[in-house]
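The residues making up each chain are set out below.
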Amino acid sequence: MNLGIAGRWALVCAASKGLGKACAEALVREGVNVVITARGEQTLNETALQLRAINPEVTVIAVAGDISTPEGRAAALEAHEHFDILVNNAGGPPPGDFREWDREVWLKALDANMLTPIELIKATVDGMAKRGFGRIVNITSSAVKSPIESLGLSNGARSGLTGFVAGLARQDSIASRNVTINNLQPGSFDTDRLRGNLLDAAQEMGLTGEEFLDECRSEIPAKRFGTAEEFGALCAFVCSSHASYITGQNLLIDGGAVRSSQ
Ligand code: NAP
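So, here is what we can say about the structure in this document. (Residues numbered from 1 in each chain as written. Predicted model: local features only at pLDDT ≥ 70, side-chain atom pairs only at ≥ 80, totals over all residues. Heavy atoms only, no water.)

## So, the overall build of the protein chain
No. 1: Along the backbone of the protein chain there are 9 helices and 7 strands.
No. 2: Relative to the 2.2 N^0.38 estimate, which gives 18 Å for 262 residues, the radius of gyration of the protein chain is 18 Å and therefore close to what a compact globule would have.
No. 3: For the protein chain, the spread of C-alpha atoms along the principal axes amounts to about 55 × 40 × 40 Å.
No. 4: By residue count, 47% of the 262 residues in the protein chain fall in the buried class.
No. 5: Accessible surface, the protein chain as shown: approximately 12,600 Å² in total, 51% of it carbon and sulfur.
No. 6: Within the protein chain, the 31 negative side-chain charges are centred at a point lying 6 Å from the centre of the 24 positive side-chain charges. (Helix = DSSP H or I, 4+ residues; strand = E, 2+ residues; numbered from the N terminus. Rg over C-alpha atoms; globule rule 2.2 N^0.38 Å. Buried < 20%, exposed > 50% of the residue type's maximum accessible area, 1.4 Å probe, protein only. Areas by Shrake-Rupley, 256 points an atom, 1.4 Å probe, with all protein chains shown as cover. Lys, Arg positive; Asp, Glu negative; His and termini not counted. Charge placed at Lys NZ, Arg CZ, Asp CG, Glu CD.)

Structure, rendered in structure tokens:
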């Protein structure tokens, strides 16, 4: 299927590794020009080289910086005059016990996983509406649908974004102008973040890493973790010209892990 977005411009945040990188890869395969960001310059530049090799026809611009800061966002937004596609992503907050989180810890999580996506939407959505095409995808988490006890910062911050987006996506000035805003909710995907979190948890429980990873896989109906490529493919479809009637949705991609009929 031709996704009908060749030549568009996308800003894909936090995209040197993992799910963000997979979204950038899938878009680049479709002929979309991308601006990618991450804090670590070296890995980001390596990713940019890989993306250019996937599709030499597209322009790939790498902007190193922390997307959760005003400077990081300004640098990303300045890299191209307009964006047709915005993929909001950032590192997830750490696990822990809410008794140990002070205001600063909460503000950091809210900045990265709620306020940064909102700022980037604010900076891009009206231009998209004016041009009559826009696709905004927020990478959130299955934890919005089924909270993960130890990830209270993530549960809270991402739920805030989800509630905000549910209202915004339906505003006349957006929904009637072929601009869609959707959240993708990953379950367990085999990325550095997932492995890091699970291996830390295994250590706390006195299990070997592989034992615990096997146990986690066995609890998922699909009996495996998702691959970043599967996630990128969903993202590219939601950004496609075919997906103009999907907006304000939370799309769970989790191998059936969340037990729910809706
Ligand atoms: P990952 O493999 O650790 O990759 C994270 C990427 O984001 C890296 O490129 C990292 O590069 C970049 N990044 C992190 N913080 C950033 C910041 N402040 N500014 C700019 N770039 C930043 O993580 P992932 O598994 O792809 O996860 C992506 C998001 O999905 C996270 O929010 C995670 O919590 C969420 N999620 C993941 C899963 C899963 O199973 N993997 C499940 C649910 C939710 P630098 O470190 O160099 O900046």
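Additional details are given in the paragraphs that follow.
## Structural notes on the pattern of salt bridges
No. 1: Per the stated rule, a full pass over the model turns up 7 salt bridges.
No. 2: For R195, the salt bridge identified is with D190, shortest N-O distance 2.8 Å.
No. 3: Among the residues examined, D190 registers a relative accessible area of 36% and is labelled partly exposed.
No. 4: Between E230 and R224 there is a salt bridge, and its shortest N-O distance comes to 2.6 Å.
No. 5: Overlapping salt bridges bring together R8, D84 and R131 as one network. (Salt bridge = Lys/Arg side-chain N within 4 Å of Asp/Glu carboxyl O.)

## A few points about the site of the ligand
No. 1: Taken together, 27 residues form the shell around the ligand, and within it S16, L19, A90, F189 and T191 come nearest.
No. 2: G187 has a polar backbone atom sitting 3.1 Å from an oxygen atom of the ligand.
No. 3: Take T191: an N or O atom from its side chain is 2.4 Å from an oxygen atom of the ligand.
No. 4: Expressed as a share of its isolated accessible area of 880 Å², the protein-covered part of the ligand is 89%.
No. 5: For the shell around the ligand, a count of residues per class yields 9 nonpolar, 12 polar and 6 charged. (Near = heavy atom within 4 Å. Polar contact = N/O pair within 3.5 Å; in protein donor to acceptor, adjacent residues only side chain to side chain. Nonpolar A, V, L, I, M, F, W, Y, C, P; charged D, E, K, R; others polar.)

## Re the side chain of H80
No. 1: In this structure, H80 sits in the loop between α3 (70-78) and β4 (85-88).
No. 2: You can call H80 buried: its relative accessible area is 16%.
No. 3: A polar contact of 3.4 Å, which involves the side chain of H80, links it to the side chain of W9.
No. 4: Not counting chain neighbours up to four residues away, the residues in contact with H80 comprise W9 and V35. (Contact = heavy atoms within 4.5 Å.)

## Looking at the sheet that holds strand β6 (residues 179-186)
Whenever strands of a sheet pair, they do so through backbone hydrogen bonds, lying parallel or antiparallel.
No. 1: One open sheet accounts for 7 strands, arranged β3-β2-β1-β4-β5-β6-β7; its pairing is parallel. Looking at strand neighbours, the two that pair on one side only are β3 (60-64) and β7 (250-253), the edges of this open sheet. Across the sheet, the axes of successive neighbouring strands diverge by a mean angle of 15°, strand direction being ignored.
No. 2: As paired strands, β4 and strand β5 (residues 134-139) are joined by 4 bridges and run parallel to one another. The partner of I85 across the bridge, within β5, is R135.
No. 3: Packing against the sheet, helix α9 (residues 228-238) makes contact with β4, β5, β6 and β7, and its axis sits at approximately 165° to β6. (Pairing = 2+ DSSP bridges. Axes fitted to C-alpha atoms, helices over the stretch in contact; angles between N-to-C directions.)

## Quick word on the nonpolar core
No. 1: V12, L27, V34, I36 and I85 are the most contacted members of the largest nonpolar core, which has 33 residues in total.
No. 2: Mapped by element, the contributors of at least two residues to this core are β1 (9-12), α1 (18-29), β2 (33-38), α2 (41-54), β4, β5 and α9.
No. 3: Those residues within four positions of I36 in sequence are excluded, and the remaining contacts are V12, A15, A24, L44, T47, A48, L51, I61, A62 and V63.
No. 4: Judged by nonpolar contacts, the second largest core, of 26 residues, contains L11, C13, L86 and I181. (Core = buried A, V, L, I, M, F, W, Y, C linked by side-chain atoms within 4.5 Å.)

## Topic: the packing of helix α4 (residues 103-131) against helix α5 (residues 152-168)
No. 1: The interhelical angle for the contact between α4 and α5, taken along N-to-C directions, is 25°, at an axis separation of 9 Å. Considered as vectors, α4 and α5 are oriented roughly parallel to each other. In this structure, α4 crosses over α5, and the sense of that crossing is right-handed. On α5, the residues touching V105, W106, A109, L110, N113, M114, P117, I118 and I121 of α4 are G152, L153, A157, R158, G160, L161, F164, V165 and L168.
No. 2: Its residues assigned to classes, the contact of α4 with α5 shows 14 nonpolar, 3 polar and 1 charged. (Parallel < 35°, antiparallel > 145°, perpendicular 65-115°, else oblique. Left-handed = near helix turned anticlockwise from the far one by under 90°.)

## Section: α2
No. 1: End to end, α2 covers 20 Å across 14 residues, agreeing with the expected 20 Å (1.5 Å per residue, within 8%).
No. 2: The complete set of buried residues in α2 reads L44, T47, A48 and L51. Seen end-on, α2 carries its buried residues on one side only, within an arc spanning 105°. The exposed residues of α2 that point more than 90 degrees off its buried face are Q42, L49 and A53.
No. 3: In this structure, the buried side of α2 is in contact with α1, β2 and β3. (Expected span 1.5 Å × (residues − 1). Arc of directions from axis to C-beta.)

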